[in-house]
Amino acid sequence: MDIGRTQVYRCPSCRTDTSHTVRTRQGNIYGVICNRCQTASLVRKDDLLFYQDLWEDEVRAILMSLENPDDK
């Protein structure tokens, strides 16, 4: 994961699943900044990837429901 990349993560301060910018990395720990409230967090890589995958799955499901409004 590159420095400057944006990842969706649940901010512990504003309690929102929102974009965070990766600022630094040391081993498996990333320093990220919430793009909503500017709170800094230290997050494991696995947690960042989990939240990003969860968000992408949710967006994909929403888009599919818009393409097929009769399928519920």
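Heads up: these notes are all about the structure in this document. (Residues numbered from 1 in each chain as written. Predicted model: local features only at pLDDT ≥ 70, side-chain atom pairs only at ≥ 80, totals over all residues. Heavy atoms only, no water.)

**Some words on the environment of Lys-45**
Worth spelling out the cut-off: Under the DSSP-based scheme used, a helix requires at least four consecutive residues in state H or I and a strand at least two consecutive residues in state E, with every element numbered from the N terminus. For each residue, the accessible area found with a 1.4 Å probe, counting protein chains only, is set against the maximum for its type, and the residue is called buried under 20%, exposed over 50%, and partly exposed in between. In what follows, a contact means two residues having at least one pair of non-hydrogen atoms within 4.5 Å.
Turning to its location among the elements, Lys-45 is positioned in helix α1 (residues 45-67). The class of Lys-45 is partly exposed, set by a relative accessible area of 30%. In this structure, the C-alpha to C-alpha distance between Lys-45 and Trp-55, residues 10 residues apart in sequence, is 16 Å. Residues within four places of Lys-45 in sequence aside, it is in contact with Met-1, Asn-28 and Tyr-30.

**Some thoughts on the environment of Tyr-9**
One can find Tyr-9 in strand β1 (residues 6-10). It is 9.2 Å that separates the C-alpha atoms of Tyr-9 and Val-32, two residues lying 23 residues apart in sequence. Among all residues touching Tyr-9, those that are not within four sequence positions of it are Thr-16, Asp-17, Thr-18, His-20, Val-43, Asp-47, Leu-48 and Tyr-51.

**Let's talk about a nonpolar patch on the surface**
The following threshold applies: To count toward a patch, a residue needs a relative accessible area above 30% and no salt bridge. Like charges then connect within 9 Å, nonpolar side chains (Val, Leu, Ile, Met, Phe, Trp, Tyr) within 5 Å. Throughout, the Shrake-Rupley method with a 1.4 Å probe supplies accessible areas, and for residues the shown protein chains are the sole cover considered. Put simply, a salt bridge is a Lys or Arg side-chain nitrogen that is within 4 Å of an Asp or Glu carboxyl oxygen.
On the surface, a nonpolar cluster with roughly 300 Å² of combined accessible area is contributed by Ile-62, Leu-63 and Leu-66. Following the sequence through the fold, Ile-62 ends up in helix α1. Residue Ile-62 is classed as partly exposed on the basis of its relative accessible area, which comes to 44%.

**Observations regarding the nonpolar core**
Applicable threshold: By convention a nonpolar core is built from buried Ala, Val, Leu, Ile, Met, Phe, Trp, Tyr and Cys residues, the set being connected through side-chain atoms within 4.5 Å.
Ranked by size, the top nonpolar core spans 6 residues in total: Tyr-9, Val-22, Tyr-30, Val-32, Val-43 and Leu-48. In this view, Val-43 contacts Tyr-9, Asn-28, Ile-29, Tyr-30, Val-32 and Leu-48; residues no more than four positions away in its chain are not counted.

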